[in-house]
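Survey of secondary and tertiary structure
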Amino acid sequence: MSVGWRSPGEFIEDLRARASRLAARIVFPEAEDSRILDAAHSLARDAIVRPVVVGRGAPIAGLEYIDATRDPRRERVARDLLQARGERGLNEEAAWQLAGDPLYFAADLVRHGDADGGVAGCARPTADVLRAALWLVGTRPGVRTVSSSFYMVVGDFRGLGAEVLTFTDCAVVPEPTAEQLAEIAMAAARERRLLVGDVPVVAFLSYSTKGSAEGPSVDRVRQAVELVRQRQPDLAVDGELQADAALLEGVGRRKAPGSAVVGRANVLVFPSLEAGNIAYKLVERLAAALAIGPIVQGLARPFNDLSRGAASDDIINTAAVTALQSEVHGD
């Protein structure tokens, strides 16, 4: 079950305090965005992380700043890009140009441990951020599906105080297969243990509960549940479940009697990116929930995306999460 807090703000305070104990170096490759600069100044002032800003131009007062076009490590970035993409048509000139792009430069800093993690996406689309991360940071051993989660900080809705719900995947994999759904769920459970600190209880969501309807997406969800049970038998998981059955015990007992997950779920696995993305935005706006993410799952080291509508506080929270991820993702 989720850990209860008196308010969503209490969880945020705890998140930032845990991050501050790590003194992680987090790189931000969007120096031209005022939101990034505001967040970086706040992060440095409050000692939540040690921010490093990467750009192309003059230094920024009060912050550690790297000019990607003039730093000698640009040659290393170009070599790493050629190693990663040379066989797929990337030539030396193109690699050199990309190496001067703050986004790719920042990803290479994370690759080599010059930074503990990265945060980008205020001014760049998710596809750009993930491309840089995949090319230069790479995936964790054994990971085939890179995905994401949002951590939705919601008020008391089942008598437990404020809670954090994991919504996955809402930003990366459009139409996941059963295999991908299983990998997404296991990655989300793994990250939740680290970031929230409680025991994950995983519900695979659908428009059907335990055979109340049929369809291709229902079949995929059922297959994914079985895959997770085979691979992680100690993980509390069930599906297919409708959202109300997953979240509310009274409804769940009527719709899925005997399930160990109904009314307790804190990790909600959506059958498609479309469903997950719509759901998190509705909960964020209609329930006044705080959405932290998208937090990328499956990389060798943390490199997280931001919504292009992110505010300074969103960036600070994502940086804190990135620092916590770095504690176990680094060497």
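It should be noted that the structure appears before, not after, this text.
In this report, we go over the structure that sits alongside the text. (Residues numbered from 1 in each chain as written. Predicted model: local features only at pLDDT ≥ 70, side-chain atom pairs only at ≥ 80, totals over all residues. Heavy atoms only, no water.)

So, the packing of aromatic side chains
Our working rule: Centres within 6.5 Å are what make two rings of Phe, Tyr or Trp a pair, Trp counting through its six-membered ring; a difference in plane orientation under 30 degrees is then read as stacked, over 60 as edge-to-face, and the rest as tilted. Numbering of helices and strands runs from the N terminus, with a helix taken as a DSSP run of H or I at least four residues long and a strand as a DSSP run of E at least two residues long. Note on exposure labels: buried denotes an accessible area under 20% of the residue type's maximum, exposed denotes more than 50%, and partly exposed covers the range between, all computed with a 1.4 Å probe on protein chains only. Each ring is checked for a lysine NZ or an arginine CZ that lies within 6 Å of its centre and within 35 degrees of its normal; such an atom marks a charge sitting over the ring.
Under the counting rule described, the total for this entry stands at 3 aromatic pairs. Ring centres 3.7 Å apart and planes at 20° place the aromatic pair Phe150 and Tyr280 in the stacked group. On the criterion of sequence distance, the pair formed by Phe150 in strand S5 (residues 147-154) and Tyr280 in helix H11 (residues 273-286) is long-range, its members being 130 residues apart. Both residues of the pair, Phe150 and Tyr280, belong to the buried class. When the ring centre of Trp96 is taken as origin, the NZ or CZ atom of Arg74, which lies over that ring, is 4.0 Å away.

Some details on the pairing of strand S10 (residues 290-297)
Every regular strand shows the same layout, with side chains that alternate between the two sheet faces. Just so we agree on the cut-off: Paired strands are those between which DSSP finds at least two bridges.
Extensive coverage of S10 is indicated by the burial of 7 of its 8 residues. Looking at chain direction, S5 and S10 are connected through 6 bridges and run antiparallel. The partner of Tyr151 across the bridge, within S10, is Ile292.

Focus on the packing of helix H3 (residues 74-85) against helix H5 (residues 102-111)
Under the convention used in this document: Throughout, an axis means a line fitted to C-alpha atoms (over the contacting stretch in the case of helices), and angles, computed between N-to-C directions, take values from 0 to 180 degrees. Put simply, angles under 35 degrees are roughly parallel, angles over 145 are roughly antiparallel, angles from 65 to 115 are roughly perpendicular, and the rest are oblique. Residue contacts follow a heavy-atom distance rule, with two residues in contact if any of their heavy atoms lie within 4.5 Å. In this classification, the charged set is Asp, Glu, Lys and Arg, the nonpolar set is Ala, Val, Leu, Ile, Met, Phe, Trp, Tyr, Cys and Pro, and all remaining amino acids, among them Gly, are polar.
For the pair H3 and H5, interaxial distance at closest approach is 10 Å and the crossing angle is 85°. Overall, the two elements H3 and H5 adopt an arrangement that is roughly perpendicular. Across the interface between the two elements, Arg74, Arg76, Val77, Asp80, Leu81 and Gln83 of H3 pack against Tyr104, Phe105, Asp108, Leu109 and Arg111 of H5. Looking at side-chain class alone, the contact of H3 with H5 contains 5 nonpolar, 1 polar and 5 charged residues.

Describing the pairing of strand S8 (residues 236-241)
Among the 6 residues of S8, 5 are classified as buried, and the element is accordingly described as predominantly covered. Note: strand S7 (residues 201-205) against S8, 4 bridges, orientation parallel. Looking at S8, one finds that Leu205 is bridged to Leu241.

Description of the sheet that holds S5
Strand order in the open sheet made by the 6 strands is S8-S7-S9-S6-S5-S10, with mixed pairing throughout. Edge positions in the sheet fall to S8 and S10, since each of these pairs with one other strand and no more. Put simply, the sheet's adjacent strands are angled 20° from each other on average, direction ignored. Bridge count between S5 and strand S6 (residues 163-168): 6 bridges; the pairing is antiparallel. Paired with Ser149 across the two strands is Thr168, which belongs to S6.

Some points on the sheet that holds strand S11 (residues 303-305)
On the basis of which strands lie adjacent, the open sheet formed by 5 strands has the order S3-S2-S1-S4-S11 and parallel pairing. Two strands bound the open sheet, and with one partner strand each, they are strand S3 (64-67) and S11. For this sheet, the mean angle separating the axes of adjacent strands, direction not counted, is 25°. Where strand S1 (residues 25-28) lies against strand S2 (residues 50-55), 4 bridges are found, and the strand directions are parallel. The residue bridging Ile26 from the neighbouring strand is Pro51, located in S2. Along the sheet face, helix H2 (residues 34-45) touches S1 and S2 and points at about 155° away from the line of S2.

A few points about the environment of Thr145
As a reminder, the rule being used: In protein, a polar contact means a hydrogen-donor-capable atom and an acceptor-capable atom, both N or O and within 3.5 Å, with residues adjacent in sequence counting only if both atoms are side-chain atoms; elsewhere, any N or O pair within 3.5 Å suffices.
Relative to the assigned elements, Thr145 resides in the loop between helix H6 (126-137) and S5. Sequence spacing of Thr145 and Gln230 is 85 residues, and the spatial spacing of their C-alpha atoms is 18 Å. Thr145 has contacts with Val173, Gln180, Glu183, Ile184 and Gln297, leaving out every residue within four places of it along the chain. Here the side chain of Thr145 touches Glu183 through a polar contact of 2.5 Å, side chain to side chain.

Remarks on the pattern of salt bridges
Basically, it comes down to this: Note on definitions: salt bridges are taken to be side-chain nitrogens of Lys or Arg within 4 Å of carboxyl oxygens of Asp or Glu.
Across all of its chains, the model carries 29 salt bridges by this definition. Linking Arg222 and Glu214 is a salt bridge whose minimum nitrogen-to-oxygen distance equals 3.0 Å. For Arg222, a relative accessible area of 24% corresponds to the partly exposed category. Connected through salt bridges with shared partners, the residues Asp71, Arg73, Arg76, Asp108 and Asp114 form a single ionic network.

Some words on the environment of Pro257
Structurally, Pro257 can be placed in the loop between helix H10 (249-255) and strand S9 (267-269). Overall, Pro257 belongs to the exposed group, its relative accessible area being 61%. Along the sequence, Pro257 and Lys210 sit 47 residues apart, while their C-alpha atoms lie 9.8 Å from each other.

Here we look at a nonpolar patch on the surface
In plain terms, the rule: Nonpolar side chains (Val, Leu, Ile, Met, Phe, Trp, Tyr) are joined into patches within 5 Å and like charges within 9 Å, using only residues with over 30% relative accessible area and no salt bridge. For accessible areas, the Shrake-Rupley method is used with a probe of radius 1.4 Å. Any residue's cover is judged against the shown protein chains and nothing else.
Residues Ile278, Leu282 and Leu286 make up a contiguous nonpolar surface patch of about 330 Å² in total accessible area. In this structure, Leu282 sits in helix H11. For Leu282, a relative accessible area of 45% corresponds to the partly exposed category.

Let's talk about the packing of H3 against helix H4 (residues 92-99)
How two helices sit against one another is set out by the angle between their axes and by the gap between those axes. Put simply, the test is: Working rule for handedness: look at the near helix, and if it is turned counterclockwise from the far one by less than a right angle, call the crossing left-handed; if clockwise, right-handed.
Running from amino to carboxyl end, H3 crosses H4 at an angle of 130°, the nearest separation of the two axes being 8 Å. Regarding the angle of H3 to H4, the classification is oblique. The hand of the H3/H4 crossing is right-handed. The residues of H4 that touch H3, namely those facing Arg74, Glu75, Val77, Ala78, Leu81 and Leu82, are Glu92, Ala95, Trp96, Gln97, Leu98 and Ala99. The class makeup of the residues in the contact of H3 with H4 is 8 nonpolar, 1 polar and 3 charged.

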